[in-house]
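If you want the building blocks of each chain, they are given just below.
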Amino acid sequence: MTSTFLPGGRTGPDLAPPPPPASWGRGRRRRCTLNLLTAVGFQLPALVLFIGLVLLPMLFALYASFFRWGGFGMPSDLAGADNFTRLFQDPVFLGDLGRCLFLVVLSLALQLPFALAMAVLLNQRLRGRAVYRMLFFAPYVLSEAITGVLFSMVFAPGDGLADHVLGAVGLDGLGGEWFADPSTVMATLFLVMTWKYFGFHMMLYLAGLQSVPPELTEAALIDGAGPWQRFRNVTLPLLAPTLRISVFLSVIGSVQLFDLVWVVTQGGPDHHSETLAVTMFQYGFKRYQVGYASAISVVMFGICLVFSLAYQRFVLRRDLEGATTTMRGDGT
């Protein structure tokens, strides 16, 4: 038994601290309940909107995909899996998958490297670089409708700005029907997509470059590394998390591309520029085959979901593990 020194030189056994009053426990439970109700109150509006505008429409689209339904009344003509069987026998839908893959490959091979090169250039100390950043990012701020109308005039066959510019430099033979020619429509659409979206990825890369410690680059310079070696061995590895997010957004955006294509070509000529979303819109709102359009939407969702889960599992895993480790190390 231990003893405690008491006033007057006396010692006595340690005394246990008095138990907290019962009101303390009630007050703590009341505060916890109040905090829980506050959290639920703040989250409830967003949860209601998510359920009403996202979750329920998704579930109804899945339900409608098993019916032959024109969009009026409730679905009643059960089709089973016929809509999904029809999908993979439809040359337009199979062409949509090929065109989607075409856009994804070109985006990863051309658009993102171009955005990265511009970001590296504008990260240097250049006169007027803030103006250049603003000019390159400005197209992303424009709506897809404005962009579509603008480039419909730029690439108008014969009278468009593109043909006039080519003619002025003696390359009028390269001009053509652009959006009206099945052999050039997807390449021309990709040019418009690059003009519209590369500024967004460029700003992502610029933000990532700002987080690269200059001490590492200076140390590599002292060690005799050239510009390419510094970029490849120092900058690029530290920029890798931003690159991975950019690739993810680019792929998902290519799969879901709709408004720009609809404004410019509406999927023409002869379905040669249709995407998955455009085909879904055509069947759902033009031909009133809503059950079949719902099946297309389910397949689109499945493609995005599988890609997202696989990408998170095999590509983003290191980033997520690093974030988790950092949080645990901070004690949060």
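Residues numbered from 1 in each chain as written. Predicted model: local features only at pLDDT ≥ 70, side-chain atom pairs only at ≥ 80, totals over all residues. Heavy atoms only, no water.

With respect to the side chain of His 201
Filter applied, for reference: We count a stretch as a helix when DSSP gives it H or I for four or more residues in a row; a strand needs E for two or more, and each element gets its number in order from the N terminus. Two residues form a contact once any of their heavy atoms are found within 4.5 Å.
In this fold, His 201 is placed in helix 7 (residues 185-210). Once you skip the residues sitting within four places of it in the chain, His 201 turns out to touch Gln 111, Leu 112, Ala 115, Ser 246 and Ser 250.

Here's the deal with the side chain of Thr 279
Selection rule: Between N or O atoms, a polar contact is any pair within 3.5 Å; within protein, one atom must be a potential hydrogen donor and the other a potential acceptor, and residues adjacent in sequence are included only when both atoms are from side chains.
Counting through the fold element by element, Thr 279 comes out in helix 11 (residues 276-286). Within the local environment of Thr 279, its side chain forms a polar contact with the side chain of Glu 274, the two groups lying 2.5 Å apart. The residues contacting Thr 279, other than those within four sequence positions of it, are Val 92, Asp 96, Glu 274 and Ile 296.

Some points on the packing of aromatic side chains
Where two aromatic rings form a pair, the distance of their centres and the angle of their planes describe that pair. Where we set the bar: Whether two aromatic rings pair depends on their centres lying within 6.5 Å, for rings of Phe, Tyr and Trp, where Trp uses its six-membered ring; planes under 30 degrees apart make the pair stacked, over 60 edge-to-face, and the rest tilted.
This structure, assessed with the given rule, holds 24 aromatic pairs. Both rings, one in Tyr 63 and one in Phe 67, keep their centres 4.8 Å apart while their planes meet at 50°; by these two values the pair is tilted. Between the aromatic rings of Phe 258 and Trp 262, the centroid separation amounts to 6.0 Å while the plane-to-plane angle is 15°, which identifies the pairing as stacked. Through pairs of rings, three or more aromatic residues link up here, namely Phe 151, Phe 155, Trp 178, Phe 179 and Trp 195.

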